[in-house]
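Structural overview
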Amino acid sequence: MKKVLIISLMLISSLSVFSQKAAKLQIIYFHAGRRCPTCISIEDNTNKTLNTYFAKEVKNGTISFRVLNVEEQKNQQLVEKYQAEGSALFFTHIANKKEITNDFTNFAFSYSRNEPAKFIAGLKAEIEKGLK
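In this text, all values refer to a predicted model and were calculated from it rather than measured experimentally. (Residues numbered from 1 in each chain as written. Predicted model: local features only at pLDDT ≥ 70, side-chain atom pairs only at ≥ 80, totals over all residues. Heavy atoms only, no water.)

This brings us to the packing of helix α2 (residues 37-53) against helix α6 (residues 116-131). In contact at an axis separation of 10 Å, α2 and α6 are set at 55° when each is read in the N-to-C sense. Comparing the axis directions of α2 and α6 gives the class oblique. Considering how the two elements wind past one another, α2 and α6 form a crossing that is right-handed. For the pair α2 and α6, the contacting residues are I42, N45, T46, K48, T49, L50 and Y53 in the first and P116, F119, I120, L123, K124 and I127 in the second. For the contact of α2 with α6, the residue count by class is eight nonpolar, three polar and two charged. (Axes fitted to C-alpha atoms, helices over the stretch in contact; angles between N-to-C directions. Helix = DSSP H or I, 4+ residues; strand = E, 2+ residues; numbered from the N terminus. Parallel < 35°, antiparallel > 145°, perpendicular 65-115°, else oblique. Left-handed = near helix turned anticlockwise from the far one by under 90°. Contact = heavy atoms within 4.5 Å. Nonpolar A, V, L, I, M, F, W, Y, C, P; charged D, E, K, R; others polar.)

Let's shift gears to the side chain of T92. With respect to the element layout, T92 can be found in strand β3 (residues 88-95). When its relative accessible area of 0% is taken as the criterion, T92 is described as buried. A distance of 2.8 Å separates a polar atom in the side chain of T92 from a polar atom in the side chain of Y82. Each residue touching T92, except ones within four places of it in the same chain, is listed here: K24, L25, Q26, Y82, E99, I100 and T101. (Buried < 20%, exposed > 50% of the residue type's maximum accessible area, 1.4 Å probe, protein only. Polar contact = N/O pair within 3.5 Å; in protein donor to acceptor, adjacent residues only side chain to side chain.)

This part is about the sheet that holds strand β4 (residues 98-103). Pairing in this open sheet of four strands is mixed, and the strands run β2-β1-β3-β4 from one edge to the other. Two strands close off the open sheet at either side, each with one partner strand: β2 (63-69) and β4. Averaged over all adjacent pairs, the angle separating strand axes in this sheet is 20°, with direction ignored. As paired strands, strand β1 (residues 24-31) and β3 are joined by seven bridges and run antiparallel to one another. (Pairing = 2+ DSSP bridges.)

Here you go:
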């Protein structure tokens, strides 16, 4: 029994060390209560990109995607952290306990609705860069 406990603790310890070293990418899309067609397209095209190219990474937790309303009190801590005032798209790459955040909002508004293929290609490239 004691050996099983020791082996279990060693396994858990090694898994936690591995997970700390694994790269993570958090994608957060902020929006206001009232949303324009471009705002909706950003969320839709981000989901499409993730489902098409990164389903495995989303499923295993390497990539997370959150959609948050800036007007909801429960989201205020993140709204303040990212200084989101309305619709905004951020990528935060986490490795070795360091966070590097890129604001992808201008690109998203420039291309998501009118040139979705360009948006998806740019988003895919940004995600791939964030996973390296």
